[in-house]
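Residue-level listing of the chains:
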Amino acid sequence: MYKNIVILTGAGISAESGIPVFRSETGLWETEKVEDVCTHEAILRNPSRVHNFYNRLRANLQDKKPNAAHYAIANLQKLWPQKFAGKVTLVTQNVDNLHEKAGSFDIIHMHGALMSIFCTNCGHHYEFDGDSSTKSVCAFCGKTALRPDIVFFGEMPYFMDEISDALQKCDLFLAIGTSGVVYPAAVFCSFARDMGARCVEFNLEKSAQATNFTDGIYGKASLTVPKFCEELLLNGTFLN
Ligand code: APR
């Protein structure tokens, strides 16, 4: 039986909820260039373009609903400690709020969150809805130094100490809907495996990290994840 589980989610878990992934023929990085909207240089060069890009993504979340995979994870997080005295740590690369909407808690948003804003003057991160711009004023220090609370390419992801600690302690690592090409999340599997964890990926197809996983379950996350979580909650383990 397993005890401590780390779940890493990526854009694929939200795809069936109508939020575009980053890398596919119709992915976000086909319509916008990373270097125009998701780097430190981009926000220095053209801050309005960066604000507007994330304003659009934030507005797009309004009518989006979690799917069965988000709900299955929330349910696992709630019931696993009661049934098996373990812990489920949820780490997401996603900046959407579908895990929150599904009822998950203590969500580690390692790449930031659209429903949050960051003040580069006083360092506060706080909940935010609506549109931001170069004229938006920080609710804490009153300065016009706000930026989307998103980890840009080349910046250090958030909460790396907590994530590293959870990966060291876990005996089961699940990666759901991530292409495995963005670091450091791409190496979480090999790190957890070196620490003795069993590692399972859920994807439509083999990811760039597939050979590092012990198991792969391929198909739509809304189908594969609930089935897997159900078995895990019933037996504390799963058959492959
Ligand atoms: N079920 C399961 N997996 C799916 C589904 C689905 N319904 N739909 C798509 N996928 C898989 C794809 O096969 C792909 O491997 O989800 C993955 C999405 O990959 P990316 O678009 O690269 O998203 P992600 O891995 O989350 O990207 C990581 O890159 O640009 C950054 O900061 C951004 O957090 C993001 C990071």
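Coordinates for the structure precede this section.
A. Representation of the overall build of the protein in the model. For the protein, the helix and strand inventory stands at 10 helices and 9 strands. Relative to the compact-globule value of 18 Å for 240 residues, the protein shows a C-alpha radius of gyration of 18 Å, a close match. Dimensions of the protein, computed from the C-alpha atoms along their principal axes, are close to 55 × 35 × 35 Å. Evaluated residue by residue, the protein yields a buried proportion of 52% over its 240 residues.

B. Main features of the side chain of Asp215. Among the structural elements, Asp215 can be located in strand β9 (residues 215–218). Here Asp215 is in contact with Arg198, Cys199, Val200, Glu201, Phe238 and Asn240, once residues within four sequence places are set aside.

C. Region of interest: the site of the ligand. Of all residues adjacent to the ligand, which total 21 residues, the nearest are Arg23, Trp29, Thr178, Ser179 and Asn203. One of the side-chain N or O atoms of Trp29 is found 2.7 Å from an oxygen atom in the ligand. Here an oxygen atom of the ligand and a backbone polar atom of Gln93 are 3.0 Å apart. The fraction of the free accessible surface of the ligand (740 Å²) that becomes covered by protein chains is 92%. With respect to the detected pockets, the ligand is housed in the largest pocket. Taken together, the residues that form the shell around the ligand break down as 9 nonpolar, 9 polar and 3 charged.

D. Representation of the side chain of Asn67. By secondary structure assignment, the location of Asn67 is in the loop between α5 (47–60) and α6 (68–84). Among the polar contacts made by the side chain of Asn67, one reaches the main-chain amide nitrogen of Ala69 at a distance of 2.8 Å. Sequence-distant contacts of Asn67, that is, excluding residues within four places in its chain, are made with Ile13, Ser14, Glu16, Ser17 and Ser222.

E. Region of interest: the sheet that holds strand β5 (residues 125–127). With respect to topology, 3 strands assemble into an open sheet ordered β5-β4-β6, the strand pairing being antiparallel. The open sheet has two edge strands with one neighbour each: β5 and β6 (146–150). Recorded for the sheet is a direction-independent mean angle of 45° between the axes of neighbouring strands. Pairing geometry for strand β4 (residues 112–119) and β6, over 4 bridges, is antiparallel. Within β6, the residue paired with Ile117 across the bridge is Pro148.

F. Main features of the packing of aromatic side chains. Tallied over the full model, the rule gives 12 aromatic pairs. With 4.6 Å between their ring centres and 40° between their planes, Trp80 and Phe84 make a pair best called tilted. Note that Trp80 and Phe84 are positioned in helix α6 at a spacing of 4 residues, about one turn of the helix. A relative accessible area of 0% means that Trp80 is categorised as buried. The buried category is assigned to Phe84, whose relative accessible area is 16%. Ring geometry for Tyr158 versus Phe159: centroids 6.0 Å apart, planes at 75°, classification edge-to-face. Taken together, Phe22, Trp29, Phe53, Tyr54, Phe152 and Phe153 form an aromatic cluster joined through their ring pairs.

G. Seen up close, the pattern of salt bridges. Enumeration according to the criterion identifies 8 salt bridges in this entry. Between Asp36 and Arg45 there is a salt bridge whose closest N-O contact spans 3.9 Å. For Asp36, the salt bridge identified is with Arg49, shortest N-O distance 3.4 Å. Residue Asp36 is found in helix α3 (residues 34–37), and its partner Arg49 is found in helix α5; the two are separated by 13 residues along the sequence. Given the relative accessible area of 19%, Asp36 is considered buried. One salt-bridge network, held together by shared partners, links Glu32, Asp36, Arg45, Arg49 and Arg56.

Here is what the cut-offs are and how they apply
- Residues numbered from 1 in each chain as written.
- Predicted model: local features only at pLDDT ≥ 70, side-chain atom pairs only at ≥ 80, totals over all residues.
- Heavy atoms only, no water.
- Helix = DSSP H or I, 4+ residues; strand = E, 2+ residues; numbered from the N terminus.
- Rg over C-alpha atoms; globule rule 2.2 N^0.38 Å.
- Buried < 20%, exposed > 50% of the residue type's maximum accessible area, 1.4 Å probe, protein only.
- Contact = heavy atoms within 4.5 Å.
- Near = heavy atom within 4 Å.
- Polar contact = N/O pair within 3.5 Å; in protein donor to acceptor, adjacent residues only side chain to side chain.
- Areas by Shrake-Rupley, 256 points an atom, 1.4 Å probe, with all protein chains shown as cover.
- 1 Å grid on protein atoms, 1.4 Å probe; cavity = no way out; pocket = protein on both sides within 12 Å on 5 of 7 lines; lining within 4 Å.
- Sits in = over half its atoms within 2 Å of the grid points.
- Nonpolar A, V, L, I, M, F, W, Y, C, P; charged D, E, K, R; others polar.
- Pairing = 2+ DSSP bridges.
- Axes fitted to C-alpha atoms, helices over the stretch in contact; angles between N-to-C directions.
- Phe/Tyr/Trp six-rings, centres within 6.5 Å; stacked < 30°, edge-to-face > 60°.
- Salt bridge = Lys/Arg side-chain N within 4 Å of Asp/Glu carboxyl O.

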